[in-house]
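Fold and contact review
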Amino acid sequence: SQKIEQNSEALNIQEGKTATLTCNYTNYSPAYLQWYRQDPGRGPVFLLLIRENEKEKRKERLKVTFDTTLKQSLFHITASQPADSATYLCALGESGGYNKLIFGAGTRLAVHP
Amino acid sequence: DTEVTQTPKHLVMGMTNKKSLKCEQHMGHRAMYWYKQKAKKPPELMFVYSYEKLSINESVPSRFSPECPNSSLLNLHLHALQPEDSALYLCASSRGNMGDETQYFGPGTRLLVL
């Protein structure tokens, strides 16, 4: 069956450290993968997109990797801040799919001062 | 303006009521989406409109009826809902639907069905 798995437990880290979030998938062939941030009671906000032929993308303190062999994406936040505390969702998109995104359940990140 | 607006923010309705959710964007986007999100669950796609035509219906019950009157506006008409339909309803838009397009989400309408 098709699955997208993100760390189900909350991730607690100290301010200034690097947070690493994992997204694993099974029985999908994504053409691209996106990461979104969602705060409680709000809509998701786009952060980064990475395509199947790309290994790594960066934007300011954010970095995402995509390994189609391992069927895994890693999302890193360096020099984390309490304001980074939120739920982070990965979303897969398959080619020719009307931009249809399939979301993982998300990982809640808490950055402590 | 990179904003998607949704009204109302909150809605409480009985199982015999008819109500509508509204979504608007003025970014010139030609694809618009409705998602349903239950607590601690991922957003689940319901409908996709592309150039004002319904492109995807993810086998959503007919008590949910989408409408796209023009390229800026998306409605979701609700009728005879069940308590299990209580959720956060999210609208999103993207520039097109050719794949790998960023989706811009609205803040959502929190719906409670009694």
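With that settled, the discussion passes to the sheet that holds strand E7 (residues 62–67) of chain A. Residues and elements named next belong to chain A. Overall, antiparallel pairing links the 5 strands, which are arranged E1-E3-E8-E7-E6 in an open sheet. Only two strands of the sheet have a single partner each, and these edge strands are strand E1 (3–6) and strand E6 (56–59). Direction aside, neighbouring strands of the sheet carry axes that sit 15° apart on average. Bridge count for E1 against strand E3 (residues 19–26) is 4 bridges, and the pairing is antiparallel. Directly across from isoleucine 4, in E3, lies its bridge partner tyrosine 25.

Let us now look at the interface of chain B and chain A. Taken together, the 24 residues of chain B in the interface contact 20 residues of chain A. Between chain B and chain A, the buried area comes to about 1700 Å², and carbon and sulfur atoms account for 56% of it. Between chain B and chain A we count 1 salt bridge in total. The residue Glu58(B) makes a salt bridge to Lys100(A) at a minimum N-O spacing of 2.9 Å. Summed over the shared surface of chain B and chain A, the number is 4 residue pairs in polar contact (both at pLDDT 80 or more). Going through the elements one at a time, strand E4 (31–37), strand E5 (44–50), strand E6 (53–57) and strand E9 (87–94) of chain B are the ones with two or more residues in the side of chain B that touches chain A. When its residues are assigned to classes, the side of chain B that touches chain A shows 11 nonpolar, 9 polar and 4 charged.

What counts, and at which threshold
Residues numbered from 1 in each chain as written. Chains lettered and ligands numbered in written order. Predicted model: local features only at pLDDT ≥ 70, side-chain atom pairs only at ≥ 80, totals over all residues. Heavy atoms only, no water. Pairing = 2+ DSSP bridges. Helix = DSSP H or I, 4+ residues; strand = E, 2+ residues; numbered from the N terminus. Axes fitted to C-alpha atoms, helices over the stretch in contact; angles between N-to-C directions. Contact = heavy atoms within 4.5 Å. Buried area = accessible area lost by both parts, 1.4 Å probe. Salt bridge = Lys/Arg side-chain N within 4 Å of Asp/Glu carboxyl O. Polar contact = N/O pair within 3.5 Å; in protein donor to acceptor, adjacent residues only side chain to side chain. Nonpolar A, V, L, I, M, F, W, Y, C, P; charged D, E, K, R; others polar.

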